Amino acid sequence: AGTTPSNFISDIVAGDIERGTHGGRVQTRFPPEPNGFLHIGHAKAIVVDFGTAQDFGGTCYLRLDDTNPETEEEAFVDSIVGDIAWLGYEPAEVCHASDYFEQLYTWAEDFISRGLAYVDEQDSETISAGRGGYGKPGIESPFRDRSPEESLEIFRGMRAGKFPDGSRVLRARIDMQHENMQLRDPIMYRIRNMSHHRTGDTWAIYPTYDWAHGQSDAIEGVTHSICTLEFETHRPLYEWFLSHLELEQAPPKQIEFARLELTHTVTSKRRLARLVADGVVDGWDDARMPTLSGLRRRGYPAEAIRSFCREVGTTRTNSRHSIEALESYVRKVHNVRAQRRMAVLHPLRLVLDNWPSDADGNPVVEYFEVANNPEREEDGTRQVAFSGELWIEQEDFAEVPPPKYFRLSPGREVRLRGAYLVTATTVDKDDDGNVVTVHATYDPASKGGTAADGRKVKSTMHWVSAHHAVDGTAALYGRLFTAEAPGERTGEALDDLNPDSRELLTACRLEAALADATPGEVVQFERLGYFAVDPDQPGLFHRTVGLRDEWAA
Ligand code: ATP
Ligand code: MG
Ligand code: MG
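Cut-off values and rules
Residues numbered from 1 in each chain as written. Chains lettered and ligands numbered in written order. Predicted model: local features only at pLDDT ≥ 70, side-chain atom pairs only at ≥ 80, totals over all residues. UniProt positions renumbered as here; feature names shortened; annotations may be inferred. Helix = DSSP H or I, 4+ residues; strand = E, 2+ residues; numbered from the N terminus. Rg over C-alpha atoms; globule rule 2.2 N^0.38 Å. Buried ≥ 20, exposed ≤ 12 C-beta atoms within 10 Å, placed from the backbone. Contact = placed C-beta atoms within 7 Å. Pairing = 2+ DSSP bridges. Axes fitted to C-alpha atoms, helices over the stretch in contact; angles between N-to-C directions. Near = placed C-beta within 6 Å. Nonpolar A, V, L, I, M, F, W, Y, C, P; charged D, E, K, R; others polar. Expected span 1.5 Å × (residues − 1). Domains from an automatic or database assignment. Core = buried A, V, L, I, M, F, W, Y, C linked by C-beta atoms within 7 Å. Parallel < 35°, antiparallel > 145°, perpendicular 65-115°, else oblique. Left-handed = near helix turned anticlockwise from the far one by under 90°.

- The chain is annotated in an unreviewed UniProt entry as Glutamine--tRNA ligase of Tessaracoccus antarcticus.
- According to the UniProt record, the Sequence similarities (unreviewed entry) comment for the chain reads "Belongs to the class-I aminoacyl-tRNA synthetase family."

1. Observations concerning the overall build of the chain
- Scanning the chain for helices and strands turns up twelve helices and 27 strands.
- The C-alpha atoms of the chain give a radius of gyration of 31 Å, which is well past the 24 Å a tight globule of 553 residues would have.
- Expressed along its principal axes, the backbone C-alpha trace of the chain runs to roughly 105 × 55 × 45 Å.
- For the chain, with 553 residues in total, the buried portion stands at 40%.
- The contacts of the chain with a sequence gap of at least 6 include a subset with a gap of at least 24, amounting to 70%.

2. Some details on the sheet that holds strand β27 (residues 540-545)
- Spatially, the seven strands line up as an open sheet ordered β12-β25-β26-β27-β23-β24-β13, and their pairing is mixed. In the strand order of this sheet, the two ends are held by β12 (339-341) and β13 (343-344), each with one partner.
- Relative to strand β26 (residues 529-533), strand β25 (residues 522-525) runs antiparallel, the two being bridged by four bridges. Bridged to V522 within β26 is A532.
- Lying over the sheet, helix α12 (residues 323-337) contacts β25, β26 and β27, oriented at roughly 115° with respect to β27.

3. Focus: the UniProt feature "domain: Glutamyl/glutaminyl-tRNA synthetase class Ib catalytic" (unreviewed entry) in the chain
- When the UniProt feature table is mapped onto this chain, "domain: Glutamyl/glutaminyl-tRNA synthetase class Ib catalytic" (unreviewed entry) is found at residues 26-332.
- Helix makes up 39% of residues 26-332 and strand 15%, whereas the separation of the span's terminal C-alpha atoms amounts to 33 Å.

4. Concerning the pairing of strand β9 (residues 253-257)
- In terms of burial, β9 is largely enclosed, as four of its five residues are buried.
- Where strand β8 (residues 224-228) and β9 come together, five bridges link them in parallel fashion. Looking at the pairing, S225 lines up with Q254 of β9.

5. Describing the pairing of strand β24 (residues 502-510)
- Where β13 and β24 come together, two bridges link them in antiparallel fashion. Within the sheet, the bridge partner assigned to A343 lies in β24 and is L510.
- Bridge count between strand β23 (residues 470-477) and β24: seven bridges; the pairing is antiparallel. Pairing of A475 across the sheet is with L504, part of β24.

6. Quick notes on unusual backbone geometry
- Although it is not a glycine, D185 adopts a positive phi angle of roughly 45°.
- Structurally, the position occupied by D185 is in the loop between β5 (169-172) and β6 (187-191).
- On the neighbour-count criterion, D185 (23 C-beta atoms within 10 Å) is buried.
- At R527, a position not held by glycine, the phi torsion is positive, near 75°.
- Within the fold, R527 resides in the loop between β25 and β26.

7. Focus: the site of ligand 1
- Residues in close proximity to ligand 1 total 15 residues, the closest being P32, G41, A45, T228 and K269.
- Classifying every residue of the shell around ligand 1 by side-chain character gives five nonpolar, five polar and five charged.

8. A word on the environment of L540
- Here L540 is to be found in strand β27.
- Looking at L540, the number of C-beta atoms within 10 Å reads 21, which means it is buried.
- For the pair L540 and T506, spaced 34 residues apart in sequence, the C-alpha separation works out to 8.8 Å.
- When neighbours within four sequence positions are excluded, L540 is seen to be in contact with T473, A475 and D534.

9. Details of helix α6 (residues 148-159)
- In this model α6 runs 16 Å from its N-terminal to its C-terminal C-alpha over twelve residues, within 8% of the 16 Å that 1.5 Å per residue would give.
- For α6, the secondary structure elements touched by its buried residues are α4 (101-113), β4 (117-120), β5, β6 and β7 (205-207).
- Looking one or two residues beyond α6, the residue adopting positive phi is G161, at roughly 80°.

10. Observations regarding the environment of D500
- Mapped onto the secondary structure, D500 falls in the loop between β23 and β24.
- A count of 9 C-beta atoms within 10 Å places D500 in the exposed class.
- Considered as a pair, D500 and S243 are 257 residues apart in the sequence and their alpha carbons are 54 Å apart.

11. With respect to the domain arrangement of the chain
- By the assigned domains, the chain splits into domain 1 (8-261) and domain 2 (347-462).
- Using C-alpha coordinates to define each centre, domain 1 is positioned 65 Å away from domain 2.

12. Things to note about the UniProt feature "domain: tRNA synthetases class I (E and Q) anti-codon binding" (unreviewed entry) in the chain
- In this structure's numbering, the residues bearing the UniProt feature "domain: tRNA synthetases class I (E and Q) anti-codon binding" (unreviewed entry) are residues 460-534.
- Counted over residues 460-534, helix gives 0% and strand 40%. Its end C-alpha atoms are 29 Å apart.

13. A short note on the nonpolar core
- Among the nonpolar cores identified, the biggest contains 95 residues, and I46, A343, I392 and V464 are the most heavily contacted of them.
- Counting only domains with at least three residues in this core, you end up with domain 1 (8-261) and domain 2 (347-462).
- Ignoring any residue separated from it by four or fewer positions in sequence, one finds I392 in contact with V344, L348, L350, F397, M461 and W463.
- In terms of nonpolar packing, the next biggest core, distinct from the first, is built from 29 residues, L64, A97, V119 and V169 among them.

14. Re helix α7 (residues 209-220)
- Look at α7: 16 Å from first C-alpha to last across twelve residues, which is about the 16 Å you get at 1.5 Å a residue.
- In terms of burial, α7 is a largely internal element, nine of the twelve residues being buried.
- Buried within α7 we find W211, A212, H213, G214, Q215, S216, D217, A218 and E220.
- Just downstream of α7, G221 is the residue with a positive phi angle, here 85°.

15. As for the packing of helix α11 (residues 302-311) against α12
- For the pair α11 and α12, interaxial distance at closest approach is 8 Å and the crossing angle is 135°. As summarised for this structure, α11 and α12 are arranged oblique, according to the angle between their axes. When the axes of α11 and α12 are compared, the crossing they make is right-handed. For the pair α11 and α12, the contacting residues are E303, A304, S307 and F308 in the first and A325, L326, Y329, V330, K332 and V333 in the second.
- Looking at the contact of α11 with α12 residue by residue, the class counts come to seven nonpolar, one polar and two charged.

Structure below.
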């Protein structure tokens, strides 16, 4: 999958290998919470986590960080596993934090016995108020100095489901005056009398992120625990917990890097979940979503996402990258890979009045051999049918051409790509005065699209033979959010939603070969962009991205 450009993380890892910190081993993990689908930000983390391990000949685990039964579902686990495979990575192991609940519990009892943790019976508001703030002293809980025996007995009762939610918590006993709030007796367990998607009703208490995370890293033998910057202030706590375990190997090292954000979209599962719940999009895998499954439906190749994530760099400075940069990676892949096809999105009938008929009075059909991809000769050619009745784009004809308009208009000659030169003559209109048919004559001596006498035309247009066309629907997309940084204005990203982010064109006329396009395939509609065949709905084409350079106006 390529090599990560060297960065501060690879420098740290290389240093640890040199010093033999973890016996020269490198093991990382990607730890998503199964409470939503993975998005482009997660792709960045996956590339960093798996890529760093690969670059040093190490391994990377997938760990489902499933410590919160309220928001987690098995369906999310399945999507996560599938998306990682699609992105091109194979976890050395698939693990679950919930597999460690018993070990975490045992350690917690040990912490209590050693005076390192206690059961607090204050309610959650009192606990957070008592934590104080920067320059504001913390207030010790009246339960802080209860005996280990008493805490243990209550903690066992909590496990047994004897107490209601929110009535008690287990807290680490660290320092209520610590300048880092994370160390002011953080919570290790909460009561949740709730079924868990994997452990069922076994547990009535669930560990917090802070208690579960580093300990899970240690259990798995992780050497470098790479996460995003918001966990920087948690690092002393991560280290504090580990320092009180008796580990046989050196503890894992937490390293933070900046989250990846993209313009015109959001990378927060909570906000993406809102879009799904409110019906703004069709689902997590809607082609407008920045989720991996949405981008896949839209036609983004995994390879382009990987290159983008690698090449934007890995730093400790938060930044929002332009979605256009990601699109340029997408285009680069498809330019080489995508088959070229002709499709008309807004059809207008073009009739060649001098087109010949055969002995039975049927219009003659000619076949032109067209390259499937001029960038890749080995993709070969296909036969495209041409006849006297064609579909062209409405915007390729103007009855009264505006200045600098070089496409078809009465008296004007243009090239039908790969076929013939044609000159428009007259139009037919409906009762409202709309042009419904353009009449034209073709030059039989211009077969292939070049005039015998060498005369030039200013415009080349795509077309589809009306008798051979298949019907299809194209979905055209605008940005999901109008603002570059959604929410910057009002504090609420949803205020910047683009109400017109999708346009469905249901009367497209497609070249016959497109009937054979396979689900998920991305083709180039000439002059129009790259389009992905919907994986579930044949005949539906999502516009992946436009063409950078549209040939001849
Ligand atoms: P969200 O706020 O969307 O729920 P999260 O960080 O809580 O995101 P997790 O499922 O916990 O989501 O994330 C798994 C891993 O992916 C974590 O290590 C997290 O730091 C990383 N990650 C999440 N979002 C991004 C992002 N935008 N850029 C880089 N890494 C990310
Ligand atoms: Mg998280
Ligand atoms: Mg989260």
